[in-house]
Amino acid sequence: MAGPSPSPHKPRRKAKRSADPTSSFGNSGSVRPVETLVRAPAFPLAAFLWPARGTVSQWELLPLILMAAGLFRWAAGLWGYSGFERPPMFGDYEAQRHWMEVTTQLPISQWYFHDLEWWGLDYPPLTAYHSWLCGKIGSLIDPSWFALFSSRGSHDPALKVFMRATVIVSEYLIYVPAVVIFVRRYSRLSGLTNWSAAVALVAILMQPATILIDHVHFQYNTVMLGFVVASMSSMLAGRNLWAAVFFVAALGFKQMALYYAFSVFTYLLGNCIFPRVNIPRFVAIAAVTAASFAILLLPLVVGALYDVRRGIDSRPDIDGPRPPLPLFQGLAVYLDTEAFYYPVVEQLVQMVHRIFPFARGLFEDKVANFWCALNVVIKLKKYPAPLLQRGALLATLASILPPNLVLFLRPRKDLLPLAFAATAWGFFLFSYQVHEKSVLLPLMPMTLLLAGSHGLSKSTRAWVGFANILGCWTMFPLLQRVDLAMPYTVLTLLWAYLLGLPPTSLGVYLQETGNTWSHWATVFIHGSFYLAMAFWHVLALVLSPPPDKPDLWVVANVGVGAAGFSLCYLWCLWRLLNESEILPRSWFRRKEKAKVQ
Amino acid sequence: MAEIPPSLAQCAIVAAALKILLFPAYKSTDFEVHRNWLAITNSLPLWEWYYEKTSEWTLDYPPFFAYFEWILSQVAKLVDPAMLRVYNLEYDSWQTIYFQRFSVIATELLLVYALQMFVDSSHGANKRAAQAAAISVLLSPGLLIIDHIHFQYNGCMYGMLIASLVLARKRSTLLWSGLLFAALLCMKHIYLYLAPAYFVFLLRAYCLSPKSIFRIQFLNCVKLGAGIAAIFAAAFGPFALKGQIPQILSRLFPFSRGLCHAYWAPNIWAMYSFVDRVLIALAPRIGLPVRADALQSATRGLVGDTSFAVLPDVTPRVCFALTLLFQAIPLLKLFIQPTWDNFIGALTLCGYASFLFGWHVHEKAVLLVIIPFSLIAIKDRRYLGAFRPLAVASHVSLFPLLFTPAEFPIKTVYTVFWLILFLVAFDRLAPASSRPRFFLFDRFSTLYITVSIPLIAYCSLVHGILFGKSYEFLPLMFTSSYSAIGVVGSWVGFMVVHFTS
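Residues numbered from 1 in each chain as written. Chains lettered and ligands numbered in written order. Predicted model: local features only at pLDDT ≥ 70, side-chain atom pairs only at ≥ 80, totals over all residues. Heavy atoms only, no water.

Labelled according to an unreviewed UniProt entry, chain B appears under the name Alpha-1,3-glucosyltransferase, originating from Thermothielavioides terrestris. Among the UniProt annotations of chain B, the heading Subcellular location (unreviewed entry) holds the following wording: "Endoplasmic reticulum membrane". (UniProt positions renumbered as here; feature names shortened; annotations may be inferred.)

Identification of chain A as Alpha-1,3-glucosyltransferase from Thermothielavioides terrestris is taken from an unreviewed UniProt entry. What the UniProt record of chain A gives under Pathway (unreviewed entry) is the line "Protein modification; protein glycosylation."

In structure tokens form, the structure reads like this:
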């Protein structure tokens, strides 16, 4: 740090300064064409990281980024959670707390059977183990938080702090490292500089939808998403076996990870077939996947057997003969209910039954997917459930087939986020039993695009931003119900501001060069959607819906959301086709024009 | 000159987002204090403001602040009139919280504006450093903890102070600098601590000729005198007409309080009390007399008369004399060389002296030292050397203000974030000094900063596990003694730097 000459560096907030003050401009060492050419930051987030351009060490940058992201998460967590002081059932927070109670207080064989009316456990076993661990730690601090029965609906403020801490710690142990590593690998693969990767990392970590659902509304989605990112990250590194392990962990934490399962499968399968067939690789992946599932279920299986030996019944509330299996009743013919393995079968069938509630309707509440939007026009309730189920299955398959076919034929690393996003959008739009929070699943891989090639360019930022802001907007009714409009507003606007998106800036739509049709189509489409969203907010704020249609605003929200998400699906698919170069060039000209009309 | 990214406005926007998210955070009784003042100023006639005592939190700020509350109350009326009723004690509807919290963020815009003035007033090579310093003040954890969580309006008032300091940079605006500071004094009298520096600087640079101290510039004296008189008349005049000045003074200067605040501010007296505590244990062995009546009282953490068990008692007169003495030393230098840099240095040292030796000093008053110091902290590396322990100590000393578990991660992570960011940034920006470093100050300050980590861990975590609720004074005592070492150390260091440069 010698020399009286002032360094050209200007470090400050979130700024992660460079190691060498003289190197910020014209750093000649590595390739950094983007930064040296650009004279001024294009959007506020770039301005915050501006003083860090030319940074050599990420180890100065990273802690500051993680601290800033953590601060916003924790501060958002000071607000209320779902179900706060809302008896009789409370909400997601109570569900998660109750699972900690069940798993720490009851023998393992009763976990999936205990009082199913009160937030019975309906997530896969890894969630149960995670709840057990959190519950054990929490009980050390205050045993009353997770006491059986008496703790139901607890609103102890100290418990809230603990629960918030479990979310943030779980996220920083799984999601955050996974994203950091993914961004590093993906940005190198795409030829981005460290600085651009850091900008993308902040943008991904500050993604408002995840913060709102996990840290404000309360859930542990980031654990599942983190395992998926870790799986994608392993694919980038060429470690297919680890990818399988991580993906099984994601599935084992939350069945929602099935949205991605197709893409994981086609990518790994494609890897075994192209460029040449590789049978040993295939066998290894299959074996590791099976082994991971076995390990995942092992505690449950062993626990069931052990409890039988101890004479503990999995259903102490039921006297008399064992009730039949809830699913696969045909199996009963072949099974001996007195055999030693029967409790295990019963346990696993019950788990599957809890995880996949086939008995529920096509969609829950109001969610911005195809079926719920269609329901406005045609009342779907009048059709028989099996028909609807089959329809949903076919539509989902049709929507996910194209992206997965591409990924299968071109199992390229750089296509992963696009294919994952397109597949998840397909699932979100057309599958059965979708929840509005499920929009986090397609948003995650789509947001990861920011770390890819041209990830921070105006067109990618415009579309990724559009999807995220629309996603938050469709969750507004959910958040509004529990008085979370303020954190919604602050976090969404902050992210929009950082990335220079509407409603804070129109920068992404001002193009310096070229006036292509696709550009103007984007401007038109996004413009009308942003206007619709703003108009909707004003309407919902000023007017109450007509008494005979109390759900009018929510239905309008769903309609606009479904249309916008369909466009996001199409955009991901189009870009995937484009970048995979699987189709002849001339096709795209036509497709581009088709989009405009 | 082109803007250097990120701009102050950008930082203010992102910081505002965090501050809004902190709305539901813990708030101290100061929240109720300010709500009560809103109610008093809005619902009572002027001459009852300083007599009203329904709430125990009576109005004890000077009149401009009361006017400021009155203006706020005009908006508050539209938000939730219930908060403006004097008897509505402890009222905190969500509208009240939103309004009061938001008013802090809105009035803090004055600070943003003043800091922008400061950046604009620096030129050339200094501009980059000035912007870094400005952003460090804007994002100061002190302001975040005190204003946006604990609840006060310091941001607005430090904005006035910095605006006044920037105006003092140019001869043509010296008068306005003085008047603005007078207005600030009528808003919060704590700034009296800094008044001697203003007095000497304005006297020398504005009232006396720059060439000779024996030539008085009468016109300037008249302008300044009349201006200040007008401002004080505007503030206190209405009350003087009713003969209420003694009542106001008794509210503003409650001399009945003890030497140390309930929680010891990290100053000389905290070290003195700490030594006294230690001597209680040692006295029987080395044969010192212990006054039994003092054992149970004050330094244990009660507001009231402080008496020491072993060491001699301290009187207000002693405090006052020491404060004046240590203020006078830098002021002499300022009188001889009335440059702006000397002015800021002397102002900072005035803040130091009154913080370190003052009677019943609040830990929050440390902002009086750190904010002016920030403006010159990266003048060169020797200044930075003195700044570093202060930056750590002053913010650690504020931690006990927030004791709820939910705010613990906010205060620690934010402070660590700020310290890493700005200490590293300043380290890169500060030019080398033309003079040699003095002894091993840098090494000591690094060691000192390292010690803070186990200290915070002990005070916030380990102590609770080991002792539970008993010996609660121990963590507080350690924190304030630790911080006191840092503040005193940085004071000594800065004195040396100030007088050798």
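Once you've had a look at it, read on.
(A) A look at the overall build of chain A. Along the backbone of chain A there are 24 helices and 0 strands. Across chain A, the fraction of contacts at a sequence separation of at least 24, relative to all contacts at a separation of at least 6, is 77%. Carbon together with sulfur atoms contributes 68% to the accessible area of chain A, which is approximately 24,800 Å² in total. (Helix = DSSP H or I, 4+ residues; strand = E, 2+ residues; numbered from the N terminus. Contact = heavy atoms within 4.5 Å. Areas by Shrake-Rupley, 256 points an atom, 1.4 Å probe, with all protein chains shown as cover.)

(B) Representation of the packing of helix H4 (residues 92-105) of chain A against helix H5 (residues 125-141) of chain A within the structure. Residue and element names in this part refer to chain A. Running from N to C, H4 and H5 point in directions that differ by 85°, and their axes come no closer than 8 Å. In terms of their interaxial angle, H4 and H5 are classed as roughly perpendicular. From H4, Trp99, Met100, Thr103 and Thr104 reach across to H5, where they touch Thr127, Ala128, Ser131, Trp132, Cys134, Gly135 and Lys136. Broken down by class, the residue content of the contact of H4 with H5 amounts to 5 nonpolar, 5 polar and 1 charged. (Axes fitted to C-alpha atoms, helices over the stretch in contact; angles between N-to-C directions. Parallel < 35°, antiparallel > 145°, perpendicular 65-115°, else oblique. Nonpolar A, V, L, I, M, F, W, Y, C, P; charged D, E, K, R; others polar.)

(C) Geometry of the state of the cysteines. Applying the stated criterion across every chain yields a total of 0 disulfides over all chains. We note that Cys186(B) lacks a disulfide partner, and the nearest cysteine sulfur, in Cys156(B), lies 14 Å from it. (Disulfide = S-S within 2.5 Å.)

(D) Up close: the environment of Phe387(B). With respect to the helices and strands, Phe387(B) occurs in helix H17 (residues 381-398). The contact partners of Phe387(B), leaving out residues within four places of it in the chain, are Ile370(B), Phe373(B), Ser374(B), Ala377(B) and Phe426(B).

(E) Highlighting helix H17 (residues 416-430) of chain A. Between its first and last C-alpha atoms H17(A) spans 21 Å; for 15 residues at 1.5 Å apiece the expected length is 21 Å, and the two agree. Most of H17(A) is tucked away: 15 of the 15 residues are buried. (Expected span 1.5 Å × (residues − 1). Buried < 20%, exposed > 50% of the residue type's maximum accessible area, 1.4 Å probe, protein only.)

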